[in-house]
Amino acid sequence: MHILVVAEHDGTTIRPGTLSAVGFANSIAEKTGGKVESLVLGHDIDSVVREMARYTPVLGCDSSALANPVADRYAKVIADVASERHDDLIVAASTTYAKDILGRAGGLLGGAMASEVVGHELREGQLVFQRPMFAGAITATVALLGHPQIVTIRAAAYEAPRPADTAFDTSTVDIDESSLPNHICFEQVESKSSDRPDVTEARIVVSGGRAIKNSEDFERLVGKLADQLGAATGSSRALVDAGIASNELQVGQTGKIVAPDLYIALGISGAVQHLAGMKNSKVIVAINNDPDAPIFDTADYGLVADVYEIVPQLIEKIHAG
Amino acid sequence: MKILVPTKRVPDTDQKIRVRDDGKGIVEDDLPFVINPFDAIAVEEALRIRENSSEEVEVVVVGIGSDDYESELRTSLAMGADRAILVECSEELDPWNVARILQEMVQREKPKLVLMGKQAVDDDANQAGQFLAALLDWPQATFASKLEFVEQGLRVSRETDVGIEVVVVGLPAVVTSDLRLNEPRYASLPSILKARKKTIERIAFEQFGLAIEPRIQVLQMEVGTNTRNCIRVNDIDELLERLRDEAKVI
Ligand SMILES: Cc1cc2nc3c(=O)[nH]c(=O)nc-3n(C[C@H](O)[C@H](O)[C@H](O)COP(=O)(O)OP(=O)(O)OC[C@H]3O[C@@H](n4cnc5c(N)ncnc54)[C@H](O)[C@@H]3O)c2cc1C
Ligand SMILES: Nc1ncnc2c1ncn2[C@@H]1O[C@H](COP(=O)(O)O)[C@@H](O)[C@H]1O
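What comes next is a walk through the structure.

### Quick notes on the overall build of chain A
Tallying secondary structure elements over chain A gives eight helices and 16 strands in all. Computed over C-alpha atoms, the radius of gyration of chain A comes to 21 Å, within 12% of the 20 Å expected from 2.2 N^0.38 for 321 residues, which places it in the range of a compact globule. Expressed along its principal axes, the backbone C-alpha trace of chain A runs to roughly 60 × 45 × 40 Å. Split into buried and exposed, the 321 residues of chain A put 60% on the buried side. At a minimum sequence separation of 6, the contacts of chain A that also span at least 24 residues come to 62%. Accessible area of chain A: about 12,500 Å², with a carbon and sulfur share of 46%. One finds the centroid of the 26 positive side-chain charges in chain A at a distance of 4 Å from the centroid of its 42 negative side-chain charges.

### Here we look at the sheet that holds strand β12 (residues 216-223) of chain B
With antiparallel pairing, four strands are arranged side by side in an open sheet as β6(A)-β7(A)-β8(A)-β12(B). Strands with a single pairing partner mark the edges of an open sheet, and in this sheet they are β6 (119-123) of chain A together with β12 of chain B. Between one strand and the next, the sheet's axes are offset by a mean angle of 30°, whatever the strand orientation. In this sheet, β12 of chain B lies alongside strand β8 (residues 138-144) of chain A in antiparallel orientation, the contact comprising seven bridges. Its bridge partner lying in β12 of chain B, Thr141 of chain A is registered against Gln220 of chain B. In the packing of helix α1 (residues 16-32) of chain A onto the sheet, the strands contacted are β6 and β7 (126-133) of chain A, and the crossing angle to β6 of chain A comes to about 10°.

### Let's talk about the sheet that holds strand β5 (residues 113-117) of chain A
Residue and element names in this part refer to chain A. Strand order in the open sheet formed by seven strands is β5-β9-β4-β1-β2-β3-β10, with parallel pairing between adjacent strands. If you trace the sheet from one side to the other, it starts and ends with β5 and β10 (170-172), each paired once. The average angle at which neighbouring strand axes cross in this sheet is 25°, direction not considered. As paired elements, strand β2 (residues 35-42) and strand β3 (residues 58-62) share five bridges and run parallel to each other. Bridge pairing in β3 links Leu41 to Cys61. Packing against the sheet, helix α3 (residues 71-84) makes contact with β1 (2-6), β2, β3 and β4 (89-93), and its axis sits at approximately 150° to β2.

### Quick look at the site of ligand 2
Residues and elements named next belong to chain B. Of all residues adjacent to ligand 2, which total 19 residues, the nearest are Asp39, Ala120, Asp123, Asn126 and Ala128. Within the contact set of ligand 2, an oxygen atom lies 2.8 Å away from a backbone nitrogen or oxygen of Ala128. The protein chains hide 98% of the 490 Å² of surface that ligand 2 would expose on its own. Counting residues per element, the ones that place at least two in the shell around ligand 2 are β4 (58-65), α3 (95-109) and β6 (113-117). In terms of residues, the shell around ligand 2 owes the most to one element, β4, which gives three residues. Here the shell around ligand 2 is composed, by residue class, of nine nonpolar, seven polar and three charged.

Scoring rules and cut-offs
- Just so you know, the residues in each chain are numbered from 1, in the order the chain's sequence is written.
- Chain letters and ligand numbers both follow the written order, the letters beginning at A and the numbers at 1.
- Only residues with pLDDT of 70 or above have their local features reported here, since the model is predicted, and side-chain atom pairs are shown and tallied only from 80 upward, although totals for entire chains, interfaces and linings are computed over all residues.
- Processing note: side-chain calculations cover all non-hydrogen atoms of the structure and skip hydrogens and water entirely.
- The numbering of helices and of strands both runs from the N terminus, where a helix is a DSSP run of H or I of at least 4 residues and a strand a run of E of at least 2.
- Atoms considered for the radius of gyration are the C-alpha atoms alone. The globule rule reads 2.2 Å times the number of residues to the power 0.38.
- Only protein chains enter the accessibility calculation, which uses a 1.4 Å probe; a residue whose area is less than 20% of its type maximum is buried, one above 50% is exposed, and one in between is partly exposed.
- Two residues form a contact once any of their heavy atoms are found within 4.5 Å.
- A 1.4 Å probe and the Shrake-Rupley method give the accessible areas. Residues count as covered only by the protein chains that appear here.
- The positive count covers Lys and Arg only, the negative count covers Asp and Glu only, and His and the chain ends enter neither.
- Charge coordinates come from a single atom per side chain, which is NZ of Lys, CZ of Arg, CG of Asp or CD of Glu.
- Strands are labelled as partners when DSSP assigns at least two bridges between them.
- Lines fitted to C-alpha atoms define the axes, with helix axes restricted to the stretch in contact, and inter-axis angles between N-to-C directions lie between 0 and 180 degrees.
- It suffices for a single heavy atom of a residue to lie within 4 Å of a molecule or strand for the residue to be listed as near it.
- A 3.5 Å cut-off defines polar contacts: any pair of N or O atoms within that distance qualifies, except that in protein one atom must be a possible hydrogen donor and the other a possible acceptor, and neighbouring residues in sequence count only when both atoms are side-chain atoms.
- Throughout, the ten residues Ala, Val, Leu, Ile, Met, Phe, Trp, Tyr, Cys and Pro are labelled nonpolar, Asp, Glu, Lys and Arg are labelled charged, and all others, Gly among them, are labelled polar.

Structure (structure tokens):
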């Protein structure tokens, strides 16, 4: 199989999920024979191409027309490259970037696409994928009919490979800029200005739910506990809706999917839509003042307590060592 | 201006989902269904555009599915949609085939804007909107949390993993809704009663000269199992001790 990994980056470095996508691609290449290549799109991407070349051979497509990740252009380039090189499988980590861009590329390439893949196997020579449905209540095994196949994978489900000692080959893809679509105009992106790690990339996540009454308290309780632990902050949708937490923090079916070593849920009830985003964490701690809160069913350690009372003590204890 | 709003009928999100014995689908008996939450948001947004526009706006909802689908289409009518169309199709649908049928509907209805959900909460695919935009060669703005009409088309705030991204798309375009776009209204009793009397147009999908081309085949479904056994700790000392010595995560 010829497998193409579409790399996601911020202009300077590769996003960690992309390396999980390489891990997935390598595992399939091992099973089916074949090769893995990565495609880096953007403008002034030399450092990204170099970084990616520690993991796979790289095709770099550098153009001022690709300075921002607009779906119509990116999808067209991806589809053209994949068709020209007869790729059988195109893969990226399941982020909003990939859902937007790879989804559109999938539409250009015939629609054989599976999103949020968490497992795969070869069944009688056929590649099948596991993916969650119904907010993760069900895991479905699916086969894709059609060629090429397009897949987004959940980063938490796949390990990143080790970088190679010697870099792989890199080459450039030339594009005809005048042939690119031009109907989406990028204006800006308001990045969050947080010193804390991204919720999908941290080893520990501390999340707050509706128990938290305002943003000051969120900072004072969730934020401070996270800082004590070197953790990222997350939240349930309830707090994002209330404007207490910013939307990049939302964990769940429609937010981010996380699987850290430790997930601490503070005053979160445990709705399936929230569980969908964190139930694969290694260790889950729930603190909730309702002993019957459903979150305890999905926790390894539960403490029935008022977060307003207990969290400051917890911060104090950890601080004291 | 016409806005086409594709909506899907999905199991109520509060319900427990069970798998059929053959493992090929879910048990649907007695399961209450609703408009896919993201699609209800799309309907609401279309209605708000109509309410705030000086030009005449027509909101047309379309659902692809079997006869059962009528009641959720009536809910959209009760919310205020001008027309509802049921594309009758009893075959299994995946996002590719949904997009192909919607492409035909777009050619028939010629909307300026297709406003739909970012994701159906049953298959959680998050694909049909992007597929449709690609098939139509229209611009797309996925995960919209704010829309504003501007001279060049539509300015859309998009919720991405790295923050809010703002793009301007020319019209016609496909826009998919995220949760924070709005809070859908409830239909009032009188409007529900009125919606009962409205006719729902019906089209058999075969009339488009299409055959379903399956792209995603579900071989097996399994209910996720929960293997955790919660240890109730008495206080934070015990919690910290267990996290350090037993789980070794801090
Ligand atoms: C289509 C759809 C998609 C959704 N997507 C998501 C998603 O991605 N992520 C998400 O999180 N939700 C999502 N939701 C919403 C979800 O259904 C729940 O409404 C939400 O997760 C509830 O958030 P919560 O647990 O913070 O609030 P609540 O359910 O209100 O729970 C608050 C909890 O805090 C406890 N509590 C209150 N005060 C205290 C205190 N002082 N100390 C300790 N405990 C206290 C209460 O006992 C309760 O258990 C979605 C819903 C839908 C319909
Ligand atoms: N059967 C259907 N009828 C009408 N619209 C649909 C149907 N299935 C999906 N859609 C639309 O496509 C969106 C994305 O669906 P999906 O790609 O399946 O997650 C939904 O939010 C709906 O707006």
